Every structure is written in structure tokens, then in C-alpha cells.
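Take a look at the letters that make up each chain.
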Amino acid sequence: MHAHPLRFRERADLDGEARTNLLDLDREGLQRFFREQGEKPFRAEQILRWLYHQGECDFSRMTNLARPLREHLAQTAEVRMPALVEVQDSADGTRKWVFGLDGGNRIEAVFIPEADRNTLCISTQVGCALDCSFCATARSGFNRNLTTAEIIGQLWLANRSLLTDHPKGERGITNVVLMGMGEPLLNMKAVVPALNLMLDDLGFGLSKRHVTVSTSGVVPKMDRLREAVDCSLAVSLHAPNNALRDELVPLNRAHPIEDLMAACQRWVEHTRRRHIMFEYVMLAGVNDQPHHARELAAWVGGLPCKVNLIPFNPFPGAGYERSSDEAIDRFRQILMDRGIITITRRTRGEDIDAACGQLAGEVEDRSKRWRRFAEPRFGERA
Ligand code: SAH
């Protein structure tokens with residue numbers, strides 16, 4: 001008698017494993033899913049509307065689907081979000097959501113309200129493997145890529161909570177930046193369908209100018225991204241020469257600045273001169289001197305672009321300091337004098353560790369161990 005419910009639970013868990021999480025699928029993926037179920041592909045459009053326009057995740061309430069289909073979906077599919085474990089509000093209106101995943105892993109998303117837009121900054125990996133010297137995420141190591149459901153789920157939950165908190169006349173999320181934890185272009189498989197869902201009219205319907213992928217410069221994937229999705233691009237440059245960039249962004253040793261700039265050139269040519277946003281963190285005495293600004297101008301001057309200066313956000317043990325306001329203004333003026341649109345990013349959400357580069361989450365690090373195994377044994381050639 002007692003064994004029965006337990007056996008039943010085990011079975012249910014097993015069934016659960018085989019279920020397709022519909023949040024993992026963009027329109028094309030959903031059409032394929034329904035075709036495989038012997039259903040008409042237009043079911044994909046109905047499901048998209050329920051999930052993203054109505055915010056309805058319960059199959060039994062999707063009233064324009066025939067009852068047998070609803071019951072069938074309940075057996076074969078599910079809508080599973082990352083678990084919301086914490087919400088923190090900053091004095092300046094910034095809000096941070098912490099999501100719990102498998103094991104002890106936690107990722108973060110940040111909501112930044114402004115007069116004319118509501119921006120959400122989302123994560124694409126649990127931790128990051130790129131090891132940029134000034135970034136808190138790097139210190140926590142790397143565990144794994146996020147799934148499409150975990151990426152789009154951050155947006156779904158943030159958007160819902162905004163709309164329910166302010167039901168009257170308030171907008172939901174209008175802009176998304178992939179600038180949270182992780183390197184989006186090292187997780188193309190999950191990131192591309194998530195971007196499709198953000199841009200799809202039946203998904204979030206965001207404008208391509210309001211969905212921005214930020215990369216540390218994974219050059220070959222920049223071309224692939226452009227071919228796959230029509231969105232905006234930000235490039236984390238941070239240094240105007242290879243010697244310094246090798247130190248700050250170790251990925252530069254694989255893809256040096258001249259290759260990165262050539263990829264940016266291809267991007268603007270193929271997207272009909274859409275602006276690229278260059279991000280440049282301002283580190284006191286490291287990359288903030290007038291000669292750095294002149295060197296930077298020489299690289300980016302010929303491109304349709306904006307330069308975004310980010311005052312360094314400190315974290316314990318960072319080993320860097322933020323440039324003074326005077327140094328930032330001087331740097332900005334040198335770029336402006338050369339006709340380069342330059343803005344200084346206002347720091348937001350510092351009091352809740354939600355500012356750029358402060359997202360650390362909780363990462364069950366696997367990279368450090370991996371690195372140890374990958375190191376050549378004593379006496380072996382590297
Ligand atoms: N890996 C991608 C996506 C993360 S974006 C990329 O690097 O573009 C996060 C942005 O915040 C990047 O521009 C990053 O360089 C910047 N950043 C990281 N640490 C920072 C810090 N401590 N202070 C200010 N900006 C930081």
C-alpha cells in the first residue's frame with residue numbers, strides 16, 4: 001500500500017524528463033514540435049499567443065485548443081520557468097531578480113527603469129569562462145550554458161511581475177540587453193531561439209534596435225549571429241591596443257583587435273550601417289589616459305558607432321579603481337572632438353550589487369577543475 005504512491009511519483013518524474021519544455025522553442029521549433037505530434041503547425045501561433053501575449057502557462061485554460069489536444073499537451077509538454085528565489089530593490093529603482101537553477105546554481109537579471117524605456121539585463125550562462133580581469137562574474141567561475149527556457153524565462157517573469165505590479169497604463173519590458181552573466185556568443189544554440197522569441201510579434205514583439213547582444217569579441221560567432229538574427233550589437237572593447245587588451249580581456253589573445261574590428265566592419269556593412277555600441281570600462285590609471293582615448297578613436301572613428309564609457313564598478317578583491325569623473329570627462333571629450341558619439345553610462349543599482357560587472361550569482365564552478373586537468377603535466381610540452 002505504501003509503495004504505491006512512491007512508484008507513482010517515480011513514474012511521474014520519469015514522464016517529466018521526457019516532456020518538452022515549450023519555452024525552449026521559438027516559432028519554428030514549435031511548428032516542428034506540433035508537426036511531430038500530428039498537429040497543424042498553426043498551433044504554434046496559438047501557443048505563442050497564450051504564452052507571451054496572455055501570459056498563460058496552464059494548458060487547461062488555453063480555450064481555443066480542443067480538449068484532447070490540451071490533455072495531450074499536459075502529457076507530452078510543459079512550461080517550466082527558472083525558480084524565482086529573491087528580488088532586491090535598489091534605492092534608484094533598479095531591481096535585481098535572482099533565479100535558482102539545478103544544484104546550487106543561481107543566476108541574476110537586472111531591471112533598469114528609465115524615463116523613456118524599461119530595460120532588462122539578462123544572463124546567458126551560469127558564470128563565465130572568459131576571465132576578464134575586472135569582472136565579478138569571472139571570479140565565480142563557470143558551470144554551464146543556460147537553456148533557451150532559462151533565458152526567455154528571465155524576461156517572461158520580469159515582464160509579468162512589472163505588469164501585475166503596475167496594472168494600469170504601465171509598460172512591461174521595452175528593451176533587452178544580453179549583458180548579464182556569461183558570454184552570449186558562446187551559447188548560440190540557446191541564445192538564437194531566445195532572441196527569436198524576443199523579436200517575434202507573437203512573442204515579446206521587441207524592436208531589433210531594442211534587443212542588444214553584448215560580446216567580448218568572439219569573432220567567428222559575430223558573423224554567425226548576424227546571419228541568424230536581426231538584432232543590435234555591443235562589443236566590450238575596454239582597451240585600445242593588443243598588449244593591454246590581452247591583459248584585461250584574455251579572449252583577445254585568440255581574436256586580436258584588428259580581427260575584432262574587421263568583424264565589426266562586416267557587421268555594419270551587412271546590416272546597412274547599423275550602429276555598433278562599444279563598451280569601455282573606465283579603470284583608473286589603467287586604460288583612461290588621453291593617449292588611450294586617441295588610440296581608441298583611431299580604431300572606431302571610421303565606423304558608425306557609439307562609445308559607452310562605463311565607470312568601473314568595484315567588488316571585493318577586484319584590484320582596480322574607478323576613474324575619476326575628471327578623467328572620464330577628459331576621455332569623453334577627446335572622442336567627441338573626433339566626431340565620435342560618446343556617452344558615460346550612469347551607474348545604477350550599486351547598492352544591491354546589480355551594476356555592470358557586479359553580477360556574481362552562485363556558480364558551482366567547474367572551470368577551475370577543468371583548467372587543472374587541462375594543464376600540461378610537469379615536463380610535458382604545452
Ligand atoms: N560577455 C559579454 C556579456 C556581458 S556584458 C560581454 O563581455 O560583453 C557585461 C558588461 O559589463 C561588459 O561590457 C563588461 O565588460 C562590463 N563590466 C564587467 N565588469 C565590470 C565592472 N566591474 N565595472 C563595470 N563594467 C563591467
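Before reading on, note that the structure itself is shown above.
The paragraphs below set out a description of the structure included in this document. Everything quoted here is computed from the prediction, not taken from an experiment. (Residues numbered from 1 in each chain as written. Predicted model: local features only at pLDDT ≥ 70, side-chain atom pairs only at ≥ 80, totals over all residues. Heavy atoms only, no water.)

### Observations concerning the overall build of the protein
In terms of helices and strands, the protein carries 13 helices and 14 strands. In summary, the protein has a C-alpha radius of gyration of 23 Å against a globular reference of 21 Å for 382 residues, a match within 12%. Taken over the C-alpha atoms alone, the protein extends approximately 75 × 60 × 40 Å along its principal axes. Burial analysis of the protein (382 residues in total) assigns 53% to the buried set. Summing over all exposed atoms, the protein offers an accessible surface of approximately 18800 Å²; the carbon and sulfur share of this is 49%. The protein carries 51 positive and 52 negative side-chain charges, and their two centres are separated by 4 Å. (Helix = DSSP H or I, 4+ residues; strand = E, 2+ residues; numbered from the N terminus. Rg over C-alpha atoms; globule rule 2.2 N^0.38 Å. Buried < 20%, exposed > 50% of the residue type's maximum accessible area, 1.4 Å probe, protein only. Areas by Shrake-Rupley, 256 points an atom, 1.4 Å probe, with all protein chains shown as cover. Lys, Arg positive; Asp, Glu negative; His and termini not counted. Charge placed at Lys NZ, Arg CZ, Asp CG, Glu CD.)

### Some thoughts on the packing of helix α2 (residues 27-36) against helix α3 (residues 43-54)
It is the contact of α2 with α3, at a shortest axis distance of 8 Å, that shows an interaxial angle of 125°. When the axes of α2 and α3 are compared, the pair comes out oblique. Here the hand of the crossing between α2 and α3 comes out right-handed. Together, R27, L30, Q31 and F34 of α2 and R43, A44, E45, I47 and L48 of α3 make up the contact between the two elements. A class-by-class count of the residues in the contact of α2 with α3 yields five nonpolar, one polar and three charged. (Axes fitted to C-alpha atoms, helices over the stretch in contact; angles between N-to-C directions. Parallel < 35°, antiparallel > 145°, perpendicular 65-115°, else oblique. Left-handed = near helix turned anticlockwise from the far one by under 90°. Contact = heavy atoms within 4.5 Å. Nonpolar A, V, L, I, M, F, W, Y, C, P; charged D, E, K, R; others polar.)

### Points about the site of the ligand
Of all residues adjacent to the ligand, which total 22 residues, the nearest are S214, S216, S236, H238 and N313. In the model, an oxygen atom of the ligand is placed 2.6 Å from a nitrogen or oxygen of the S236 side chain. Here an oxygen atom of the ligand and a side-chain polar atom of E279 are 3.1 Å apart. Contact with the protein chains hides 95% of the accessible area of the ligand, taken as 540 Å² for the molecule alone. (Near = heavy atom within 4 Å. Polar contact = N/O pair within 3.5 Å; in protein donor to acceptor, adjacent residues only side chain to side chain.)

### Brief notes about the nonpolar core
With 115 residues, the main nonpolar core has F134, L195, M198, L225 and F278 as its most contacted residues. In this structure, this core is formed jointly by two domains, domain 1 (6-78) and domain 2 (83-372), each of which donates at least three residues. (Core = buried A, V, L, I, M, F, W, Y, C linked by side-chain atoms within 4.5 Å. Domains from an automatic or database assignment.)

### Structural notes on the sheet that holds strand β10 (residues 211-215)
Across the sheet, which stays open at both edges, the ten strands sit in the order β3-β4-β5-β6-β9-β10-β11-β12-β13-β14 with mixed pairing between neighbours. Lying at the two open borders of the sheet, with one neighbouring strand each, are β3 (83-89) and β14 (341-344). Averaged over neighbouring strand pairs, the angle between their axes works out to 20° when direction is ignored. Strand direction decides the pairing type here: strand β4 (residues 95-100) and strand β5 (residues 106-113), joined by six bridges, are antiparallel. The partner of K96 across the bridge, within β5, is V110. Against the sheet, helix α6 (residues 148-165) engages β4, β5, β6 (118-121) and β9 (175-178), with an angle of about 130° to β4. (Pairing = 2+ DSSP bridges.)

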